[in-house]
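Here's the letter readout for the chains.
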Amino acid sequence: MLVTMKEIVEHASEGNYGVAAPNIFSELDARAFIEAAEELRAPLIIDIGAKGCKDMFFLGHLVRNLAKDATVPIAINLDHGGDISEIYRAIQAGFTSVMVDRSTLSFEENAKQVKEVVDIAHSIGLSVEAELGHVGQAEQYDVDRDAALTSAEDAVKFIEMTGVDCLVVSIGTAHGIYPKGFVPYLDFDRLAEIKKATNHFPLVLHGSSGTDNESLAKACSMGINKINICGDLCQAASEAVQKADLTGNNAYSVYDVCRDAAKAKLIEKMKVYGSEGKAWAAEAKGIKAIDSNLFG
């Protein structure tokens, strides 16, 4: 069932759980992750980044068809959307949501550019994600961790100024794989303050890979409703290949080894986030698939 991200995250915020948003790169992982969602009866947000996608139009429409045939609510979101032409391509490719990443700009310029995209996306029924504060890089966690954490006061103003549908907050995670010895730690007091100040607005966590399951479960129970995940899935696939016997004819099973390992890791995380079984609630509430005629 193809839906917008707004529908999924609003339901998650009301139900106090998180929804997995794995990055995909091909049909193989798209199918594996949708299978995981259907097995757990969980909603799913497919994230596609322009840098990791050679043909956004092709992949977008392929995933769109898979999502329409799925029995659980699925949204397709542009991850870390860059310039406006990239966002337009995602819309033309059939994505149901886009992220406008202007988190390195000033508060005022971030809000201004996000508002421009919100006006366009909302006019055709799509939803928008933005980032306030800045989630840095894991390889320089000692510097990036505290460099641009999100404040509750700014979050309230930003949501009012932009009309965005969900907000990425910086509370102590970072993108990528952490160097040995670095353990991410989340600012739960900050998260609680933001969730309360924004009147339980849908919040997003980027850079979840490498964070322990206990912390992730706590974050979801406290108001994180979308969790981007990529590194943990890639590492699971890589480790599975290294352990597998891929000599001789077994070499042909390398793709199965990768997809099965990534799928298993995503299932593990979905259970941690609390989204298992929540697809039934979403269907019962009446979430409708968006008009497929919009994209052909």
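Small disclaimer: the values here were computed from a predicted structure and weren't measured.

(A) Representation of the overall build of the protein chain. Scanning the protein chain for helices and strands turns up twelve helices and eight strands. Counting over 296 residues, the protein chain shows a buried share of 54%. Considering only intrachain contacts with a sequence separation of at least 6, the fraction spanning at least 24 residues in the protein chain is 76%.

(B) Main features of the pairing of strand 8 (residues 224–229). The buried fraction of strand 8 amounts to six of the six residues, a majority that puts the element mostly inside the structure. Here strand 1 (residues 19–22) runs beside strand 8; their pairing, made up of four bridges, is parallel. Residue Ala20 lies in a different strand from strand 8, and its bridge partner there is Ile227. For strand 7 (residues 203–205) and strand 8, the ladder comprises three bridges, and the chain directions are parallel. Each bridged residue has a counterpart across the sheet, and for Leu205 the counterpart in strand 8 is Ile227. In the classification by handedness, the crossover that spans strand 7, the intervening helix 9 (residues 213–221) and the parallel strand 8 is right-handed.

(C) Just helix 10 (residues 231–243), in detail. In a regular helix each residue adds 1.5 Å, so 13 residues correspond to 18 Å; helix 10 covers 18 Å between its end C-alpha atoms and thus fits that length. In the core, the buried residues of helix 10 are packed alongside strand 1, helix 2 (27–40), strand 8 and helix 11 (254–273).

(D) Summary view of the nonpolar core. In terms of nonpolar packing, the biggest core is built from 73 residues, with Leu44, Ile48, Val63, Leu167, Leu266 and Met270 touching the most fellow members. Considering each element in turn, this core owes the most residues, seven residues, to helix 2. Excluding residues within four positions of it along the chain, Met270 makes contact with Ala20, Phe33, Ala36, Ala37, Leu40, Ala42, Leu44, Ser275 and Glu276.

(E) Region of the structure containing the confidence of the model for the protein chain. In the predicted model, the protein chain carries a mean pLDDT of 89, and 87% of its residues have values of at least 70. By mean pLDDT, the top-scoring element of the protein chain is strand 1 (98), and the lowest-scoring one is helix 6 (residues 141–144) (54).

(F) Looking closely at the packing of helix 2 against helix 3 (residues 56–69). In the contact formed by helix 2 and helix 3, the axes pass within 11 Å of each other and the chain directions differ by 25°. Viewed along their axes, helix 2 and helix 3 adopt a mutual orientation that is roughly parallel. When you trace helix 2 past helix 3, the crossing you get is right-handed. Residue-level inspection shows Glu27, Ala30, Arg31 and Ile34 of helix 2 in contact with helix 3, the latter providing Leu59, Leu62, Val63, Leu66 and Ala67. Of the residues that constitute the contact of helix 2 with helix 3, the class distribution is seven nonpolar, no polar and two charged.

(G) Geometry of the sheet that holds strand 3 (residues 74–81). Read from one edge of the open sheet, eight strands run 1-8-7-6-5-4-3-2, paired in parallel fashion. Each edge of the open sheet is held by one strand with a lone partner, namely strand 1 and strand 2 (44–49). Taking each pair of neighbouring strands and ignoring which way they run, the sheet shows an average axis angle of 25°. Inspection of the sheet shows strand 5 (residues 127–132) paired to strand 6 (residues 166–169) by four bridges, in the parallel sense. Looking at the pairing, Glu131 lines up with Val168 of strand 6. Relative to strand 3, helix 3 is tilted by about 155°, and along the sheet it contacts strand 2 and strand 3. Running over the sheet, helix 4 (residues 84–92) touches strand 3 and strand 4 (97–100) and is turned about 165° from strand 3.

(H) Up close: a nonpolar patch on the surface. Taken together, the side chains of Ile84, Tyr88 and Ile120 make up a nonpolar region of the molecular surface, amounting to roughly 230 Å² of accessible area. Tracing the chain through its elements places Ile84 in helix 4. Among the residues examined, Ile84 registers a relative accessible area of 37% and is labelled partly exposed.

(I) Up close: the side chain of Ser13. Considering the arrangement of structural elements, one finds Ser13 in helix 1 (residues 5–15). Here Ser13 falls in the buried class, since its relative accessible area comes to 14%. A polar contact is formed between the side chain of Ser13 and the backbone oxygen of His200, at a distance of 2.8 Å. The residues touching Ser13, leaving out its near neighbours within four places in the chain, are Lys195, His200, Phe201, Pro202 and Asn225.

What counts and how
- Residues numbered from 1 in each chain as written.
- Predicted model: local features only at pLDDT ≥ 70, side-chain atom pairs only at ≥ 80, totals over all residues.
- Heavy atoms only, no water.
- Helix = DSSP H or I, 4+ residues; strand = E, 2+ residues; numbered from the N terminus.
- Buried < 20%, exposed > 50% of the residue type's maximum accessible area, 1.4 Å probe, protein only.
- Contact = heavy atoms within 4.5 Å.
- Pairing = 2+ DSSP bridges.
- Right-handed = clockwise from strand over helix to strand, strands pointing away.
- Expected span 1.5 Å × (residues − 1).
- Core = buried A, V, L, I, M, F, W, Y, C linked by side-chain atoms within 4.5 Å.
- pLDDT = per-residue confidence, 0-100.
- Axes fitted to C-alpha atoms, helices over the stretch in contact; angles between N-to-C directions.
- Parallel < 35°, antiparallel > 145°, perpendicular 65-115°, else oblique.
- Left-handed = near helix turned anticlockwise from the far one by under 90°.
- Nonpolar A, V, L, I, M, F, W, Y, C, P; charged D, E, K, R; others polar.
- Patch = residues over 30% accessible without salt bridge, like charges linked within 9 Å, V, L, I, M, F, W, Y side chains within 5 Å.
- Areas by Shrake-Rupley, 256 points an atom, 1.4 Å probe, with all protein chains shown as cover.
- Salt bridge = Lys/Arg side-chain N within 4 Å of Asp/Glu carboxyl O.
- Polar contact = N/O pair within 3.5 Å; in protein donor to acceptor, adjacent residues only side chain to side chain.

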